[in-house]
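Structural characterization, general
Here's the letter readout for the chains.
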Amino acid sequence: MTDLETNLRAELAARDPGPVPARLVARIAAERETDAGRRRLRPWAAWLASGLATVAVAAALLIVIGSLSVRPAPVGAGASALPSPAAPGPLRPGDGVASGGFVPVAQVVAGVLAFIALVRLA
Amino acid sequence: MDGPQALRLGERPGRVTDATDDFAALIDARIDGAYRLATVILGNALDAEDAVADAALNAWRSRSRLRDADRFDAWFGRILVNACRDRLRSRRRHPVTQIEAMAFEVPDRGDFRDRVHRSDAIARALDALDPDERIVVVLRFWADLSVESIADRIGIPEGTVKSRLNRAMGHLRTAAPSLESEP
(Lines give C-alpha, C1' and ligand atoms only; values in the text may rest on other atoms or scores of the structure.)
Protein backbone atom coordinates (compact mmCIF):
# COMPACT_ATOMS: atom_id res chain seq x y z
CA MET A 1 0.00 0.00 0.00
CA THR A 2 1.36 3.39 -0.96
CA ASP A 3 1.56 6.43 1.27
CA LEU A 4 -1.21 7.96 -0.76
CA GLU A 5 -3.56 5.05 -0.05
CA THR A 6 -2.66 5.09 3.63
CA ASN A 7 -3.31 8.80 3.90
CA LEU A 8 -6.47 8.47 1.88
CA ARG A 9 -7.84 5.76 4.16
CA ALA A 10 -6.89 7.79 7.22
CA GLU A 11 -8.61 10.90 5.88
CA LEU A 12 -11.76 8.98 4.97
CA ALA A 13 -11.81 7.27 8.36
CA ALA A 14 -11.51 10.68 10.02
CA ARG A 15 -14.62 11.81 8.16
CA ASP A 16 -16.71 8.99 9.64
CA PRO A 17 -19.21 10.81 11.84
CA GLY A 18 -20.15 7.88 14.09
CA PRO A 19 -23.73 6.92 14.95
CA VAL A 20 -26.64 8.55 13.21
CA PRO A 21 -28.25 11.43 15.14
CA ALA A 22 -31.68 10.66 16.57
CA ARG A 23 -33.15 13.71 14.84
CA LEU A 24 -32.45 12.16 11.43
CA VAL A 25 -34.24 8.93 12.35
CA ALA A 26 -37.20 10.96 13.60
CA ARG A 27 -37.17 13.15 10.50
CA ILE A 28 -37.24 10.16 8.16
CA ALA A 29 -40.10 8.55 10.08
CA ALA A 30 -42.04 11.82 10.04
CA GLU A 31 -41.50 12.36 6.30
CA ARG A 32 -42.63 8.81 5.63
CA GLU A 33 -45.74 9.33 7.73
CA THR A 34 -46.57 12.58 5.95
CA ASP A 35 -46.10 10.95 2.57
CA ALA A 36 -48.29 8.01 3.53
CA GLY A 37 -51.01 10.37 4.78
CA ARG A 38 -50.89 12.34 1.55
CA ARG A 39 -51.25 9.16 -0.44
CA ARG A 40 -54.17 8.06 1.71
CA LEU A 41 -55.91 11.37 0.99
CA ARG A 42 -55.30 11.21 -2.75
CA PRO A 43 -58.22 8.84 -3.65
CA TRP A 44 -60.58 10.96 -1.57
CA ALA A 45 -59.42 14.12 -3.28
CA ALA A 46 -59.93 12.56 -6.69
CA TRP A 47 -63.37 11.32 -5.69
CA LEU A 48 -64.31 14.77 -4.38
CA ALA A 49 -63.03 16.53 -7.50
CA SER A 50 -64.93 14.22 -9.84
CA GLY A 51 -68.08 14.58 -7.69
CA LEU A 52 -67.87 18.36 -7.81
CA ALA A 53 -67.34 18.29 -11.57
CA THR A 54 -70.39 16.06 -12.01
CA VAL A 55 -72.53 18.37 -9.89
CA ALA A 56 -71.32 21.42 -11.86
CA VAL A 57 -72.12 19.80 -15.20
CA ALA A 58 -75.55 18.68 -13.96
CA ALA A 59 -76.30 22.20 -12.70
CA ALA A 60 -75.30 23.71 -16.04
CA LEU A 61 -77.51 21.23 -17.89
CA LEU A 62 -80.46 21.98 -15.61
CA ILE A 63 -80.07 25.71 -16.22
CA VAL A 64 -79.96 25.24 -19.97
CA ILE A 65 -82.95 22.86 -20.00
CA GLY A 66 -84.90 25.12 -17.63
CA SER A 67 -84.29 28.23 -19.69
CA LEU A 68 -85.34 26.41 -22.88
CA SER A 69 -88.50 25.00 -21.34
CA VAL A 70 -89.84 28.38 -20.10
CA ARG A 71 -92.04 29.94 -22.76
CA PRO A 72 -91.11 33.47 -23.66
CA ALA A 73 -93.75 36.20 -23.09
CA PRO A 74 -95.80 36.82 -26.23
CA VAL A 75 -94.94 40.01 -27.96
CA GLY A 76 -97.00 42.07 -30.39
CA ALA A 77 -100.31 43.95 -30.28
CA GLY A 78 -102.42 43.36 -27.20
CA ALA A 79 -103.77 44.87 -24.00
CA SER A 80 -101.35 46.79 -21.90
CA ALA A 81 -100.83 46.01 -18.23
CA LEU A 82 -103.42 47.42 -15.83
CA PRO A 83 -102.41 50.25 -13.52
CA SER A 84 -101.66 49.32 -9.96
CA PRO A 85 -104.91 49.03 -7.97
CA ALA A 86 -103.33 50.42 -4.78
CA ALA A 87 -103.30 54.19 -4.86
CA PRO A 88 -100.79 55.94 -2.62
CA GLY A 89 -102.45 57.54 0.40
CA PRO A 90 -102.21 61.26 1.06
CA LEU A 91 -99.36 62.58 3.21
CA ARG A 92 -100.27 63.59 6.74
CA PRO A 93 -98.66 66.40 8.70
CA GLY A 94 -95.56 65.21 10.52
CA ASP A 95 -94.69 62.40 8.12
CA GLY A 96 -90.91 62.16 7.60
CA VAL A 97 -90.09 64.21 10.72
CA ALA A 98 -88.26 62.36 13.45
CA SER A 99 -89.93 62.55 16.79
CA GLY A 100 -89.25 61.01 20.16
CA GLY A 101 -86.35 61.22 22.56
CA PHE A 102 -83.62 59.57 20.47
CA VAL A 103 -80.58 61.83 20.10
CA PRO A 104 -77.86 60.61 17.74
CA VAL A 105 -75.04 61.54 20.13
CA ALA A 106 -72.28 59.85 18.16
CA GLN A 107 -73.23 61.55 14.92
CA VAL A 108 -73.47 64.94 16.62
CA VAL A 109 -70.07 64.54 18.30
CA ALA A 110 -68.49 63.39 15.01
CA GLY A 111 -69.98 66.36 13.22
CA VAL A 112 -68.72 68.81 15.84
CA LEU A 113 -65.24 67.28 15.73
CA ALA A 114 -65.20 67.42 11.94
CA PHE A 115 -66.28 71.06 12.04
CA ILE A 116 -63.57 71.93 14.58
CA ALA A 117 -60.97 70.11 12.48
CA LEU A 118 -62.03 71.97 9.34
CA VAL A 119 -61.84 75.31 11.16
CA ARG A 120 -58.37 74.54 12.52
CA LEU A 121 -57.15 73.43 9.11
CA ALA A 122 -58.44 76.61 7.56
CA MET B 1 -37.95 -14.41 9.79
CA ASP B 2 -36.05 -11.15 9.96
CA GLY B 3 -34.25 -9.26 7.27
CA PRO B 4 -34.80 -8.94 3.57
CA GLN B 5 -35.84 -12.57 3.19
CA ALA B 6 -38.92 -11.88 5.29
CA LEU B 7 -40.89 -10.55 2.35
CA ARG B 8 -41.07 -10.38 -1.38
CA LEU B 9 -42.03 -6.79 -1.89
CA GLY B 10 -44.56 -5.94 -4.56
CA GLU B 11 -45.80 -9.49 -4.99
CA ARG B 12 -48.85 -9.05 -2.80
CA PRO B 13 -50.23 -5.59 -3.36
CA GLY B 14 -53.23 -6.35 -1.15
CA ARG B 15 -51.14 -6.51 2.01
CA VAL B 16 -50.10 -2.90 1.88
CA THR B 17 -49.94 -2.28 5.62
CA ASP B 18 -47.74 -5.27 6.43
CA ALA B 19 -45.50 -4.70 3.42
CA THR B 20 -45.06 -0.99 4.15
CA ASP B 21 -44.26 -1.69 7.79
CA ASP B 22 -41.66 -4.25 6.79
CA PHE B 23 -40.27 -1.90 4.20
CA ALA B 24 -40.02 0.93 6.70
CA ALA B 25 -38.15 -1.42 9.02
CA LEU B 26 -35.75 -2.31 6.20
CA ILE B 27 -34.96 1.34 5.58
CA ASP B 28 -34.65 2.18 9.28
CA ALA B 29 -32.15 -0.62 9.76
CA ARG B 30 -29.88 0.97 7.16
CA ILE B 31 -30.07 4.63 8.17
CA ASP B 32 -26.98 4.46 10.33
CA GLY B 33 -24.73 3.01 7.62
CA ALA B 34 -26.25 5.30 5.03
CA TYR B 35 -25.58 8.37 7.16
CA ARG B 36 -21.96 7.41 7.71
CA LEU B 37 -21.36 6.68 4.02
CA ALA B 38 -23.06 9.90 2.95
CA THR B 39 -21.01 11.94 5.41
CA VAL B 40 -17.76 10.45 4.14
CA ILE B 41 -18.76 11.07 0.53
CA LEU B 42 -20.04 14.60 1.09
CA GLY B 43 -17.59 15.60 3.82
CA ASN B 44 -20.38 17.36 5.65
CA ALA B 45 -22.76 15.87 8.22
CA LEU B 46 -25.64 18.28 7.55
CA ASP B 47 -25.55 17.64 3.81
CA ALA B 48 -25.40 13.94 4.59
CA GLU B 49 -28.55 14.15 6.72
CA ASP B 50 -30.40 15.78 3.83
CA ALA B 51 -29.09 13.20 1.36
CA VAL B 52 -30.08 10.27 3.57
CA ALA B 53 -33.53 11.76 4.20
CA ASP B 54 -34.01 12.25 0.44
CA ALA B 55 -32.83 8.72 -0.28
CA ALA B 56 -35.09 7.21 2.38
CA LEU B 57 -38.12 9.08 1.06
CA ASN B 58 -37.31 8.18 -2.56
CA ALA B 59 -36.91 4.53 -1.62
CA TRP B 60 -40.18 4.65 0.30
CA ARG B 61 -42.04 6.18 -2.62
CA SER B 62 -40.64 3.79 -5.20
CA ARG B 63 -40.86 0.67 -3.05
CA SER B 64 -43.18 -1.00 -5.53
CA ARG B 65 -40.32 -1.09 -8.03
CA LEU B 66 -38.22 -3.36 -5.83
CA ARG B 67 -39.17 -6.87 -6.88
CA ASP B 68 -36.56 -8.82 -4.98
CA ALA B 69 -36.02 -7.93 -1.33
CA ASP B 70 -32.64 -9.70 -1.42
CA ARG B 71 -31.48 -6.85 -3.62
CA PHE B 72 -32.60 -4.21 -1.14
CA ASP B 73 -29.09 -3.24 -0.01
CA ALA B 74 -27.79 -2.68 -3.52
CA TRP B 75 -31.02 -0.93 -4.52
CA PHE B 76 -31.08 1.42 -1.53
CA GLY B 77 -27.33 1.95 -1.79
CA ARG B 78 -27.75 3.08 -5.36
CA ILE B 79 -30.51 5.52 -4.40
CA LEU B 80 -28.28 6.90 -1.64
CA VAL B 81 -25.25 7.27 -3.90
CA ASN B 82 -27.43 9.06 -6.46
CA ALA B 83 -28.68 11.43 -3.77
CA CYS B 84 -25.07 12.16 -2.76
CA ARG B 85 -24.04 12.67 -6.39
CA ASP B 86 -26.90 15.14 -6.91
CA ARG B 87 -25.75 17.12 -3.90
CA LEU B 88 -22.12 17.14 -5.03
CA ARG B 89 -23.15 18.34 -8.48
CA SER B 90 -25.42 20.99 -7.07
CA ARG B 91 -22.55 22.12 -4.85
CA ARG B 92 -20.41 22.50 -7.97
CA ARG B 93 -23.09 24.56 -9.65
CA HIS B 94 -23.38 26.77 -6.57
CA PRO B 95 -19.90 26.76 -5.09
CA VAL B 96 -19.49 27.85 -1.49
CA THR B 97 -16.76 30.35 -0.84
CA GLN B 98 -14.32 28.79 1.56
CA ILE B 99 -13.14 30.82 4.50
CA GLU B 100 -9.35 30.99 4.53
CA ALA B 101 -8.70 27.81 6.44
CA MET B 102 -4.95 28.04 6.00
CA ALA B 103 -4.68 31.25 7.97
CA PHE B 104 -4.36 29.54 11.32
CA GLU B 105 -0.95 28.93 12.81
CA VAL B 106 0.10 25.34 13.24
CA PRO B 107 2.47 24.78 16.15
CA ASP B 108 5.94 24.13 14.77
CA ARG B 109 6.33 20.61 16.10
CA GLY B 110 7.58 18.30 13.40
CA ASP B 111 5.22 15.34 13.16
CA PHE B 112 2.09 17.23 14.24
CA ARG B 113 2.66 19.88 11.62
CA ASP B 114 3.32 17.21 9.00
CA ARG B 115 0.14 15.38 9.92
CA VAL B 116 -1.94 18.54 9.65
CA HIS B 117 -0.48 19.45 6.27
CA ARG B 118 -0.85 15.93 4.98
CA SER B 119 -4.46 15.68 6.11
CA ASP B 120 -5.23 19.08 4.66
CA ALA B 121 -3.65 18.20 1.33
CA ILE B 122 -5.53 14.93 1.00
CA ALA B 123 -8.81 16.54 2.08
CA ARG B 124 -8.45 19.27 -0.52
CA ALA B 125 -7.53 16.75 -3.19
CA LEU B 126 -10.55 14.61 -2.31
CA ASP B 127 -12.91 17.56 -2.39
CA ALA B 128 -11.57 18.57 -5.80
CA LEU B 129 -12.43 15.18 -7.31
CA ASP B 130 -15.30 14.82 -9.74
CA PRO B 131 -18.42 13.50 -7.89
CA ASP B 132 -18.33 10.14 -9.69
CA GLU B 133 -14.65 9.70 -8.89
CA ARG B 134 -15.11 10.69 -5.29
CA ILE B 135 -17.90 8.14 -4.86
CA VAL B 136 -15.83 5.22 -6.18
CA VAL B 137 -12.87 6.28 -4.06
CA VAL B 138 -15.01 6.32 -0.91
CA LEU B 139 -16.65 2.99 -1.73
CA ARG B 140 -13.25 1.43 -2.43
CA PHE B 141 -11.09 2.87 0.34
CA TRP B 142 -13.62 3.60 3.10
CA ALA B 143 -16.34 1.00 2.58
CA ASP B 144 -13.72 -1.51 1.38
CA LEU B 145 -15.96 -2.73 -1.41
CA SER B 146 -14.52 -4.73 -4.28
CA VAL B 147 -14.64 -3.35 -7.81
CA GLU B 148 -17.43 -5.81 -8.56
CA SER B 149 -19.50 -4.67 -5.57
CA ILE B 150 -18.96 -1.03 -6.44
CA ALA B 151 -20.15 -1.71 -9.98
CA ASP B 152 -23.23 -3.42 -8.59
CA ARG B 153 -23.85 -0.62 -6.10
CA ILE B 154 -23.61 2.20 -8.62
CA GLY B 155 -25.03 0.32 -11.57
CA ILE B 156 -22.09 0.73 -13.94
CA PRO B 157 -19.73 -1.79 -15.60
CA GLU B 158 -16.67 -2.96 -13.67
CA GLY B 159 -14.41 -1.47 -16.34
CA THR B 160 -15.91 1.95 -15.69
CA VAL B 161 -15.30 1.57 -11.96
CA LYS B 162 -11.64 0.70 -12.62
CA SER B 163 -11.14 3.61 -14.96
CA ARG B 164 -12.77 6.01 -12.51
CA LEU B 165 -10.58 4.70 -9.72
CA ASN B 166 -7.44 5.08 -11.83
CA ARG B 167 -8.41 8.55 -12.88
CA ALA B 168 -9.22 9.54 -9.30
CA MET B 169 -5.91 8.22 -7.99
CA GLY B 170 -4.13 10.09 -10.76
CA HIS B 171 -5.85 13.31 -9.74
CA LEU B 172 -5.01 12.70 -6.09
CA ARG B 173 -1.35 12.08 -6.96
CA THR B 174 -1.26 15.29 -8.96
CA ALA B 175 -3.02 17.30 -6.27
CA ALA B 176 -0.95 15.95 -3.40
CA PRO B 177 2.38 14.84 -4.86
CA SER B 178 4.13 14.89 -1.49
CA LEU B 179 1.97 11.97 -0.35
CA GLU B 180 2.96 9.64 -3.15
CA SER B 181 5.90 7.52 -2.09
CA GLU B 182 6.41 3.90 -1.35
CA PRO B 183 6.69 3.17 2.39
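A quick note: this is a predicted structure, and the numbers were derived from the prediction, not measured. (Residues numbered from 1 in each chain as written. Chains lettered and ligands numbered in written order. Predicted model: local features only at pLDDT ≥ 70, side-chain atom pairs only at ≥ 80, totals over all residues. Heavy atoms only, no water.)

1. Some words on the overall build of chain B
The line we're drawing: Comment: elements are numbered from the N terminus, with helices defined as DSSP H or I runs of at least four residues and strands as E runs of at least two. Only protein chains enter the area calculation, which uses a 1.4 Å probe; residues under 20% of their type maximum are buried, those over 50% are exposed, and those in between are partly exposed. Contact definition: two residues touch when any of their heavy atoms are within 4.5 Å. Here the accessible surface of atoms and residues is derived via Shrake-Rupley with a 1.4 Å probe, and residues count as covered only by protein chains that are part of the display.
Counting secondary structure elements, chain B contains seven helices and zero strands. Traced from its N-terminal end to its C-terminal end, chain B shows the element sequence α-α-α-α-α-α-α. Residues counted as buried form 41% of the 183 residues belonging to chain B. Sequence separation of 24 or more characterises 64% of the internal contacts of chain B that already satisfy a separation of 6 or more. Working note: accessible area of chain B is about 10,100 Å², and carbon and sulfur atoms make up 48% of it.

2. A short note on the packing of aromatic side chains
Residue and element names in this part refer to chain B. Filter applied, for reference: Any pair of Phe, Tyr and Trp rings, taking the six-membered ring for Trp, is counted once the centres come within 6.5 Å. Such a pair is stacked with planes under 30 degrees apart, edge-to-face with planes over 60 apart, and tilted for the rest.
Counting across every chain of the model gives five aromatic pairs over all chains. When the centroid spacing of 6.4 Å and the interplanar angle of 55° are considered together, the rings of F23 and W60 count as tilted. With F23 in helix 1 (residues 16-42) and W60 in helix 2 (residues 45-61), the pair connects residues that are 37 residues apart, well separated along the chain. In this structure, F23 and W60 share a single accessibility class: buried. Seen in terms of ring centroids, F23 and W75 are 5.9 Å apart; in terms of plane orientation they differ by 75°. Their pairing is edge-to-face.

3. Things to note about the interface of chain B and chain A
For an interface, size is often stated in terms of accessible area lost upon the parts coming together. Cut-off, in case you're wondering: Counted as salt bridges are all cases of a side-chain nitrogen of Lys or Arg within 4 Å of a carboxyl oxygen of Asp or Glu. Pairing of N or O atoms within 3.5 Å defines a polar contact, subject to two protein rules: one partner must be a possible hydrogen donor and the other a possible acceptor, and residues neighboring in sequence count only if both atoms are side-chain atoms. Put simply, Ala, Val, Leu, Ile, Met, Phe, Trp, Tyr, Cys and Pro go in the nonpolar bin, Asp, Glu, Lys and Arg in the charged bin, and everything else, Gly too, in the polar bin.
On the chain A side, the residues contacting the 40 residues of chain B number 29 residues. Summed over the shared surface of chain B and chain A, the number is seven salt bridges. There are 10 residue pairs in polar contact (both at pLDDT 80 or more) connecting chain B and chain A. Counting residues per element, the ones that place at least two in the side of chain B that touches chain A are helix 1, helix 2, helix 4 (110-127), helix 5 (131-141) and helix 7 (158-175) of chain B. Partitioned by chemical class, the residues of the side of chain B that touches chain A number 22 nonpolar, four polar and 14 charged.

4. Some thoughts on the nonpolar core
Quick reminder of the rule: Each nonpolar core is a collection of buried residues, namely Ala, Val, Leu, Ile, Met, Phe, Trp, Tyr and Cys, held together in the definition by side-chain atoms within 4.5 Å.
Among the nonpolar cores identified, the biggest contains 60 residues, and L8 and L12 of chain A together with V52 and V137 of chain B are the most heavily contacted of them. The element that contributes the greatest number of residues to this core is helix 1 of chain B, accounting for 12 residues. Once you skip the residues sitting within four places of it in the chain, L8 of chain A turns out to touch I122, L126, V137, F141, M169 and L172 of chain B.

5. Focus on the confidence of the model for chain B
Residue and element names in this part refer to chain B. So the rule is basically this: One confidence number per residue, pLDDT, is output by the predictor and ranges from 0 to 100.
Residue-level pLDDT values for chain B average 79, and 74% of them are 70 or greater. Per-element confidence in chain B ranges from a low mean pLDDT of 75 for helix 4 to a high of 94 for helix 5. The low-confidence segment residues 1-17, where pLDDT is below 50, has 20 contacts with residues more than four positions distant or belonging to other chains. Among the prediction metrics, the complex's ipTM stands at 0.72, with pTM recorded as 0.61.

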